[in-house]
Amino acid sequence: EYRSWAEVDAWAQKLFALPSPTPPAVAARAEAFRATGLKNDVLFNALLRARLNLAEAHYFIGQKLLTQGQRDEALRAFQRAVDTRATRYREVSFAQLELKRVGR
């Protein structure tokens, strides 16, 4: 069981080998890509994949937290999935349904 959201987030990052979801880390990664001289479409596709992976990770973290009875933490994870705006992933739609089910 996790004692804080930070522990859940650390678990997800380790499990999925994702970059930190914080805006400075995303900006730093984008700058590192740009420094390599990659074309904009390659950079865009790499960042899009990272965002899609993050949405998926937050959704499944939410599901795990629900099974552990941690409803409030699960709802925060679902909201994080929705906040990625990765609308082409069904996990974002499922997260929206979970939030709607509880009236959020």
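Preceding this paragraph is the structure being described.
Residues numbered from 1 in each chain as written. Predicted model: local features only at pLDDT ≥ 70, side-chain atom pairs only at ≥ 80, totals over all residues. Heavy atoms only, no water.

With respect to the overall build of the chain
Helix and strand content of the chain: five helices and zero strands. Listing the helices and strands of the chain from first to last along the sequence gives α-α-α-α-α. Carbon and sulfur atoms make up 54% of the accessible area of the chain, which amounts to about 6,800 Å² in all. (Helix = DSSP H or I, 4+ residues; strand = E, 2+ residues; numbered from the N terminus. Areas by Shrake-Rupley, 256 points an atom, 1.4 Å probe, with all protein chains shown as cover.)

Regarding helix α5 (residues 90-101)
With twelve residues, α5 should reach 16 Å at 1.5 Å per residue; the first-to-last C-alpha distance of 16 Å fits that figure. Positive backbone phi, at 85°, marks Gly103, one or two positions downstream of α5. (Expected span 1.5 Å × (residues − 1).)

Structural notes on helix α4 (residues 71-83)
Across its 13 residues, α4 extends 18 Å between first and last C-alpha, which sits within 8% of the 18 Å expected from 1.5 Å per residue. Along α4, the residues that are buried comprise Glu73, Ala74, Leu75, Ala77, Phe78, Ala81 and Val82. Just past α4, the residue Arg85 takes up positive phi, approximately 60°. (Buried < 20%, exposed > 50% of the residue type's maximum accessible area, 1.4 Å probe, protein only.)

Considerations on the packing of α4 against α5
Close contact between α4 and α5 brings their axes to 8 Å; oriented N to C, the two are set at 135°. Regarding the angle of α4 to α5, the classification is oblique. Remark: the crossing between α4 and α5 carries left-handed chirality. Of the residues in α5, those in contact with Leu75, Phe78, Gln79, Ala81 and Val82 of α4 are Val92, Ala95, Gln96, Glu98 and Leu99. Tallied by class, residues from the contact of α4 with α5 come to seven nonpolar, two polar and one charged. (Axes fitted to C-alpha atoms, helices over the stretch in contact; angles between N-to-C directions. Parallel < 35°, antiparallel > 145°, perpendicular 65-115°, else oblique. Left-handed = near helix turned anticlockwise from the far one by under 90°. Contact = heavy atoms within 4.5 Å. Nonpolar A, V, L, I, M, F, W, Y, C, P; charged D, E, K, R; others polar.)

Here's the deal with the pattern of salt bridges
Scanning the entire structure with this criterion turns up three salt bridges. Among the salt bridges present, the one from Arg76 reaches Glu73, with a minimum N-O distance of 2.5 Å. One end of the pair, Arg76, and the other, Glu73, are both in helix α4, three residues apart, so they sit about a helical turn from each other. (Salt bridge = Lys/Arg side-chain N within 4 Å of Asp/Glu carboxyl O.)

Quick word on the packing of aromatic side chains
Counted under the stated rule, the structure contains three aromatic pairs. When the ring of Tyr59 is compared with that of Phe60, the centres are 5.1 Å apart and the planes differ by 75°; the resulting orientation is edge-to-face. On the accessibility criterion, Phe60 (38% relative accessible area) is partly exposed. Look at Tyr59 and Phe94: their rings are 6.0 Å apart centre to centre, the planes differ by 45°, and that puts the pair in the tilted class. Of the two residues, Tyr59 is situated in helix α3 (residues 40-67) and Phe94 in helix α5; the sequence distance between them amounts to 35 residues. The class of Tyr59 is buried, set by a relative accessible area of 10%. Taken together, Tyr59, Phe60, Phe78 and Phe94 form an aromatic cluster joined through their ring pairs. (Phe/Tyr/Trp six-rings, centres within 6.5 Å; stacked < 30°, edge-to-face > 60°.)

Quick notes on the environment of Gln96
Turning to its location among the elements, Gln96 is positioned in helix α5. Residues Gln96 and Val82, spaced 14 residues apart in sequence, show a C-alpha to C-alpha distance of 6.5 Å.

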